[in-house]
Amino acid sequence: MPIDADKAIAAEPRSAEISWDHKDVQLYHLGLGAGVPATDPDELRYTLESRLHVLPSFATVAGAGMGVVGGLSAPGIDIDLAAVLHGGQSVTLHRPIPVSGRATSTSRVAAVYDKGKAAVLVLRSEAADGDGPLWTSDAQIFVRGEGGFGGERGPSVGTGQPDRAPDRTVERPVREDQALLYRLSGDWNPLHADPEFAKLAGFDRPILHGLCTYGMTLKAIVDALLGGDVTRVRAYGTRFAGVVFPGETLRIRMRAGEGRVQAAVTAVERDDAPVLADTVVDHA
């Protein structure tokens, strides 16, 4: 069987030492479109080393980690990468991420769910430094054609949105070169840069990284509803509902509640086609 759930979950976690500094943080923020206008004091918190803070979604690229592909090579996992879809991403912050640091990143398969026609792998990465835990990050990976093995179905997806108008709606343009810049933070998949590869994958041109949209959305929520204070974010999760093409515009509809912001993200130029769904930021 391509996926041996018991073997995958029982496998020893993989550990690696990671490090990052202000240049990595600045590059990541620029890859999300930060720095416009370049002299805006609010944007300088993302781009100028003397004022720098770290957006919590940086956890997905810090130290270029072991990433999703590394998790898919775990014992008990033998699958065709062409059948893999990144279904969702979440991160829980144990304390603010420092501008520079060294940490031990430990990755494992936390769960394997049987959705019938597909399997879902939960790949968990935990980072800790000398002062204790920093973050826990989960990637939910759909593997088409690998379900039906009799495993647990797992939790239902979908948080729903409050039945009312958004409290805030913002639009964020995606630059034509944004995927080329974002990939310098460690995701070298040619799907996001090579037109010929994108055509083989069924797209007429390269698409934006889902984790870039993920970071752009968190930045928009922090700036619009959390006073630009990244340290207020406690946890952030989303489900990837569709693709984004460089040059498009994201429309981010936000609904605020007590300690929580829920959002939906769509592509303006494609009649509000869904991009991110079930997006939740828990905050102080």
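Our subject is the structure listed above.
Residue numbers restart at each chain and count upward from 1, following the sequence in its written direction. With pLDDT at 70 or above as the cut-off, local features in this predicted model cover only qualifying residues; side-chain atom pairs require 80 or more to be listed or tallied, and sums for whole chains, interfaces and linings still use all residues. Remark: hydrogens and water are excluded; side-chain values derive from all non-hydrogen atoms of the structure.

(A) Up close: the overall build of the protein. Within the protein, the regular secondary structure consists of seven helices and ten strands. For the radius of gyration, the atom set is restricted to C-alpha positions; the globular benchmark scales as 2.2 Å times the number of residues to the power 0.38. Against the globule reference of 19 Å for 284 residues, the protein gives a C-alpha radius of gyration of 18 Å, in line with a compact fold. Viewed in the frame of its principal axes, the protein has a C-alpha envelope of about 55 × 50 × 40 Å. Sequence-distant contacts in the protein: of pairs separated by 6 or more residues, those separated by 24 or more amount to 72%. All accessibility values rest on the Shrake-Rupley procedure with a 1.4 Å probe; residue burial counts only the protein chains present in the view. Of the roughly 13,300 Å² of accessible surface on the protein, 52% is carried by carbon and sulfur atoms. Residues scored as positive are Lys and Arg, those scored as negative are Asp and Glu, and His as well as the terminal groups of each chain are ignored. All charge positions are set by atom: Lys at NZ, Arg at CZ, Asp at CG, Glu at CD. Between the mean site of the 29 positive side-chain charges and the mean site of the 37 negative ones, the protein shows a separation of 3 Å. Numbering of helices and strands runs from the N terminus, with a helix taken as a DSSP run of H or I at least four residues long and a strand as a DSSP run of E at least two residues long. By the convention used here, residues are in contact when the closest approach between their heavy atoms is within 4.5 Å.

(B) Structural view of helix H7 (residues 210–225). For H7, built from 16 residues, the straight-helix expectation of 22 Å at 1.5 Å per residue is met to within 8% by its first-to-last C-alpha distance of 22 Å. For H7, the tally of buried residues reaches 13 of 16 residues, placing the bulk of the element in the interior. Multiply 1.5 Å by the residue count of a helix minus one, and that product is the helix's expected span. For each residue, the accessible area found with a 1.4 Å probe, counting protein chains only, is set against the maximum for its type, and the residue is called buried under 20%, exposed over 50%, and partly exposed in between.

(C) Main features of the sheet that holds strand E10 (residues 273–283). Sheet architecture is open: ten strands sit in the order E1-E3-E4-E5-E2-E7-E10-E9-E8-E6, paired in antiparallel fashion. Strand pairing shows two members of the sheet lacking a second neighbour, strand E1 (14–20) and strand E6 (168–173), which therefore form its edges. On average, each strand axis in the sheet is tilted by 20° relative to the strand beside it, whichever way the strands run. By the convention used here, strands pair only if DSSP detects at least 2 bridges between them. With five bridges joining them, strand E2 (residues 84–93) and strand E7 (residues 233–240) adopt antiparallel strand pairing. Note on E7: the bridge partner recorded for Gly88 is Arg239. Axes here mean lines fitted to C-alpha atoms, for a helix over just the part in contact, with angles spanning 0 to 180 degrees between N-to-C directions.

(D) Examining the pattern of salt bridges more closely. What counts as a salt bridge is simple: a side-chain nitrogen of Lys or Arg found within 4 Å of a carboxyl oxygen of Asp or Glu. With the rule as written, the count across this model stands at 15 salt bridges. When the shortest N-O distance is used, the salt bridge between Asp272 and Arg253 registers 2.9 Å. Note that Asp272 is positioned in the loop between strand E9 (260–267) and E10 and Arg253 in strand E8 (residues 249–257), a separation of 19 residues in sequence. Here the salt bridges share partners, and the residues they tie into one network are Glu171, Arg251, Arg253 and Asp272.

(E) Structural detail: the pairing of E8. Taken together, the six bridges between E6 and E8 define a ladder with antiparallel strand orientation. Bridged to Arg172 within E8 is Leu250. Pairing between E8 and E9: eight bridges, direction antiparallel. Along E9, the bridge assignment pairs Ile252 with Val265. In sequence, E8 turns back onto E9 through a hairpin of two residues, with Gly259 there showing a positive phi of about 70°.

(F) Examining the nonpolar core more closely. Joining through side-chain atoms within 4.5 Å is the link that ties buried Ala, Val, Leu, Ile, Met, Phe, Trp, Tyr and Cys residues into a set, and such a set is a nonpolar core. The biggest cluster of nonpolar side chains holds 51 residues, and the ones touching the most others in it are Trp20, Phe58 and Trp135. The element best represented in this core is H7, accounting for nine residues. Among the nonpolar cores identified, the runner-up in size contains 17 residues, and Ala8, Ala74, Val109 and Ile141 belong to it.

(G) Geometry of the packing of aromatic side chains. Aromatic pairing here means that ring centres of Phe, Tyr or Trp (its six-membered ring) are within 6.5 Å. Orientation follows from the plane angle: under 30 degrees is stacked, over 60 is edge-to-face, and everything else is tilted. Summed over the entire model, instances satisfying the criterion amount to six aromatic pairs. Ring geometry for Tyr28 versus Phe58: centroids 5.6 Å apart, planes at 65°, classification edge-to-face. Pair noted here: Tyr28 is in helix H2 (residues 22–31) and Phe58 is in the loop between helix H3 (41–47) and helix H4 (67–71), with a separation of 30 residues, a long-range link. Its relative accessible area of 1% is what places Phe58 among the buried residues. Their ring planes at 20° and their centres at 4.3 Å tell us that Tyr214 and Tyr236 sit as a pair that is stacked.

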